[in-house]
Amino acid sequence: MTDTAQPSAPSASETSSRPSVPETTKPIPVLHAALAGLLAAGAALATGEVLSGFSQKIPSLVVGVGEIFTDETPGGVVRWSIDTFGTSQKTLLIWGISIAALIVGAILGIASRTNPRTGVIGFAAFGLLGGWAASRAALSNNALSWFSAGLAAIVGIVVLRLLLARLPLKAVPEGANPVFATSQRRAFFGIVGGAAFWAVFGTGLGRALRRGQNVEAARDQIAASLGVDPAAAPTSVTLPGSLDDVPGISPLVTPSDNFYLIDTALRKPQVDPATWSMKITGMVDEEIEFTYDDLAAMDQVEEVITLSCVSNEVGGGLVGNAIWTGVRLDTLLNMAGVQEGATQVVGRSVDGWTGGFPTEIALDGRPAMVALTMNGEPLPVKHGFPARLVVPGLYGYVSATKWLSEIQLTTWEDFDGYWIPRGWSKEGPIKTQSRIDVPANGTTVPAGPTAIAGVAWAPHRSVSKVEVSFDGDTWFDARLSDEPSSNAWRQWVYEFDAPAGDHVVAVRATDGEGNTQTPERTAVAPDGATGWHTIAFRAQ
Ligand SMILES: Nc1nc2c(c(=O)[nH]1)N[C@H]1C(S)=C(S)[C@@H](COP(=O)(O)O)O[C@H]1N2
Ligand SMILES: [Mo]
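All residue numbers refer to positions counted from 1 along the written sequence of the respective chain. A letter from A marks each chain and a number from 1 marks each ligand, given out in the order of writing. With pLDDT at 70 or above as the cut-off, local features in this predicted model cover only qualifying residues; side-chain atom pairs require 80 or more to be listed or tallied, and sums for whole chains, interfaces and linings still use all residues. Water and hydrogen atoms play no part in the side-chain values, which are based on all heavy atoms of the structure.

S.K.: How would you sum up the packing of aromatic side chains? Please name residues and give values.
M.R.: Each Phe, Tyr or Trp ring, with Trp reduced to its six-membered ring, pairs with another whose centre is within 6.5 Å; inter-plane angles below 30 degrees give stacked pairs, above 60 give edge-to-face pairs, and intermediate values give tilted ones. As enumerated under the stated definition, the model contains 17 aromatic pairs in all. Where F259 meets W324, the ring centres are 5.9 Å apart and the plane angle is 85°; that geometry is what we call edge-to-face. One end of the pair, F259, is in the loop between α9 (216–225) and β3 (277–282); the other, W324, is in strand β6 (residues 319–328), with 65 residues separating them in the sequence. Note on W475 and W532: the rings are 4.8 Å apart at their centroids and 75° apart in plane angle, and the pair reads as edge-to-face. Note on conventions: DSSP H or I runs of at least 4 residues are helices, E runs of at least 2 residues are strands, and numbering of each starts at the N terminus.

S.K.: Kindly report on the pattern of salt bridges, identifying the contributing residues and their values.
M.R.: Salt bridges are defined by distance alone: a side-chain nitrogen of Lys or Arg within 4 Å of a carboxyl oxygen of Asp or Glu. Under the counting rule described, the total for this entry stands at 17 salt bridges. Its salt-bridge partner being R210, residue E49 comes within 3.0 Å of it at the nearest N-O pair. Here the residue E49 occupies a position in helix α2 (residues 30–52), and R210 occupies one in helix α8 (residues 182–211), the gap between them amounting to 161 residues. Note that D416 is salt-bridged to K426, the shortest N-O span being 2.7 Å. Linking D416 in the loop between β12 (404–410) and β13 (433–438) with K426 in the loop between β12 and β13, this pair joins segments that are 10 residues apart in sequence. Three exposure classes are used, based on accessible area relative to the maximum for each residue type with a 1.4 Å probe and protein chains only: buried under 20%, partly exposed in between, and exposed over 50%. Note on K426: relative accessible area 16%, which makes it buried.

S.K.: Give me the lowdown on the site of ligand 1, citing residues and values where you can.
M.R.: What surrounds ligand 1 is a group of 19 residues, the closest being Y260, T264, H383, R388 and K402. At 2.9 Å from a nitrogen atom of ligand 1 is found a main-chain nitrogen or oxygen belonging to A400. In the complex, the protein chains occlude 99% of the 530 Å² of accessible area that ligand 1 would expose alone. Note on terminology: near, applied to a residue and a molecule or strand, indicates that one of the residue's heavy atoms is within 4 Å of it. Polar contacts here mean pairs of N or O atoms no more than 3.5 Å apart (in protein, one a potential hydrogen donor and the other a potential acceptor; neighbouring residues in sequence count only if both atoms are side-chain atoms). Accessible surface area values rest on a Shrake-Rupley calculation with a 1.4 Å probe, where residue burial reflects the displayed protein chains alone.

S.K.: Help me get a handle on empty space enclosed by the protein, residues and values and all.
M.R.: Cavities and pockets are defined on a 1 Å grid built over the protein atoms alone: a cavity is a set of grid points where a 1.4 Å probe fits but cannot escape, while a pocket is an open set with protein on both sides within 12 Å along at least five of seven lines, and lining residues are those with an atom within 4 Å of any such point. Grid points are joined across faces, edges and corners, and a volume is the space filled by probe spheres set on the points. Tallied over the full model, the rule gives 4 cavities of 30 Å³ or more. The computed volume of the second largest cavity comes to approximately 150 Å³. Every residue lining the second largest cavity is counted, 16 residues in all, and those nearest its centre are Q56, E67, A138, L139 and R267. Among the residues forming the lining of the second largest cavity, the class breakdown is 9 nonpolar, 3 polar and 4 charged. Residue classes follow a fixed rule: Ala, Val, Leu, Ile, Met, Phe, Trp, Tyr, Cys and Pro count as nonpolar, while Asp, Glu, Lys and Arg count as charged, and any other residue, Gly among them, counts as polar.

S.K.: An account of the pairing of strand β15 (residues 448–457) is needed here, citing residue identities and associated values.
M.R.: A large share of β15 lies buried, amounting to 8 of its 10 residues. Paired strands, as defined in this entry, are two strands with at least two bridges between them according to DSSP. Pairing of β13 with β15, which is carried by 5 bridges, proceeds in the antiparallel orientation. Note on β15: the bridge partner recorded for R435 is V455. As paired strands, β15 and strand β19 (residues 490–498) are joined by 9 bridges and run antiparallel to one another. The residue bridging A451 from the neighbouring strand is E495, located in β19.

S.K.: Let's hear about the sheet that holds strand β8 (residues 354–358): which residues, and what values?
M.R.: In spatial order, the strands read β4-β3-β12-β7-β8; together these 5 strands make up an open sheet with mixed pairing. The outermost strands of the open sheet, each flanked by one partner alone, are β4 (288–291) and β8. Strand after strand, the sheet turns through a mean of 15° between neighbouring axes, direction not considered. The pairing of strand β7 (residues 344–349) with β12 spans 6 bridges and is classified as antiparallel. Residue pairing in the sheet places Q344 in a bridge with T410 of β12. Under this scheme, a helix contributes an axis fitted over its contacting stretch, all axes are lines through C-alpha atoms, and angles between N-to-C directions fall in the 0 to 180 degree range.

S.K.: Provide a residue-level description of the sheet that holds strand β14 (residues 444–445), including the pertinent values.
M.R.: If you walk across this open sheet you meet the 5 strands as β14-β21-β20-β16-β17, and the pairing is mixed. For this open sheet the edge positions go to β14 and β17 (476–477), each flanked by a neighbour on one side alone. Examined bridge by bridge, strand β20 (residues 501–511) and strand β21 (residues 533–539) share 7 bridges and lie antiparallel to one another. What sits directly across from H503, in β21, is F537.

S.K.: Outline the side chain of D351, listing residues and values.
M.R.: Mapping D351 onto the fold places it in the loop between β7 and β8. Buried within the structure, D351 lacks any salt-bridge partner; its nearest side chain of opposite charge belongs to K268, at an N-O separation of 8.3 Å. Side chain to side chain, D351 and S349 meet in a polar contact 2.3 Å long. Here Asp and Glu are counted as negative and Lys and Arg as positive; His is not counted, and neither are the chain ends.

S.K.: A description of the layout of surface pockets should follow, citing residues and the corresponding values.
M.R.: Taken as a whole, the largest pocket spans an internal volume of roughly 1,100 Å³. Along the walls of the largest pocket sit 33 residues, with E49, V63, I94, R207 and R210 positioned nearest its centre. Taken together, the elements giving at least two residues each to the lining of the largest pocket come down to α2, α3 (61–72), α5 (89–111), α8 and α9. Class assignment for the residues of the lining of the largest pocket results in 16 nonpolar, 7 polar and 10 charged. Domain ranges listed in this record stem from an automatic or a database domain assignment. Formed jointly, the lining of the largest pocket draws a minimum of three residues from each of two domains, domain 1 (30–211) and domain 2 (256–422).

What follows is the structure in structure tokens.
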């Protein structure tokens, strides 16, 4: 629609001078109204993004709503989305919420054509939702969250009203399209440009400011004090007796960058070790608080420990093996004095996540620890910097609290960790499992000597034997790597002289107590998958 193709909107006097033409009031064009609503929503969201850059206590409104989804969605759906989208699941959630908000904004814009109050009420409702979500989000401050959501809603309302006020809603000749006066048109697109700029620039600014909250520099400082060059590429550690040179096998020690990542945090908590402390609370003789320096000055234990997620499917990748150092958990608990009847140890993170396990396990001599390093470096932020729990033999969801802030002693009955009411078993010992890394399922390899290889784990019980079978009946012993500890996985390899043709291979492991993996396939819920990993490949 251009000014030259259409008559300019007549002024009031002109209109009255042409009374003979039948006139009607045309509603605002739908697309313009939708654009106005969309931009109002974009500007509102961007306002929240900018404010979130000022403090971790002000969560992005989108992240706040995302956390509600994460917390309230049934565990099965979360698992399904992790399986389907992998680690990009969170990015998709954030994008999904942002796009949904823009669409709702567009709808509010359209609805405001006939009733301008709809937009005001809609954006106010937006603000209430955002404020509620943000104020109950991890690490957030209530007042600041409500302030952020309120300001965002006001920006949305103002932008929408400014835009709608400049759209043509006036008498025009019957049959003609509603038209813009040139000045009106300029004003409209001026505000469109401004709002679009704020939406994009504000979102970018928020991101940039949030990067300033990162604690990488503090982590680098600690790394330097450990003699680690933070600028150097992460080194992959090779241990003696490994099978690391078998092509395609998982390295004996998983590089931290490749270590699987599972948590509920939409933004990784940025915890400054200088102000961080951890408390031991609850059923103890004396509650104690430890700073990072306190822990770093104590005796450090080192152990190679395999950590697995209960959601790991047979043959899946949600498992890794790292070298952890830290302070033994039993030492810390004995300092506090565990009281009679304190049957559960609960780890709580700075963002409120919890996981609990039997006190018995913490005190049975295994090297459970408050870990400060992973593979020789301070914990990566995403793996729980500055401190996390690592308990050999237990799935992560009951034990491996990242960004640890509190260890609480309670009874088994009195408290359930985060995943327990969401359909997961209260006890979480890691089941014995084995995986074929190579050949990859469904691939073709040259006929002749073929290394069939992978890893097997039974943390705390150790792995004593790994076998492969081509018919599920006859089993052949695989060669094992050294065992870095009874809590670590072992690599295995079976040298197979593959005749041309199709092959199906299954693997099974036996733990140090003589128990062999069951062939029975069970789902990951509620307490971990069972069954033999089986793959097919072709030799030709
Ligand atoms: N604070 C916090 N700690 C957490 C979780 C979490 O969501 N929040 N997830 C747990 C789960 S389910 C697993 S499997 C392990 C994964 O640890 P990783 O991400 O370092 O591999 O962390 C555990 N610790
Ligand atoms: Mo997990």
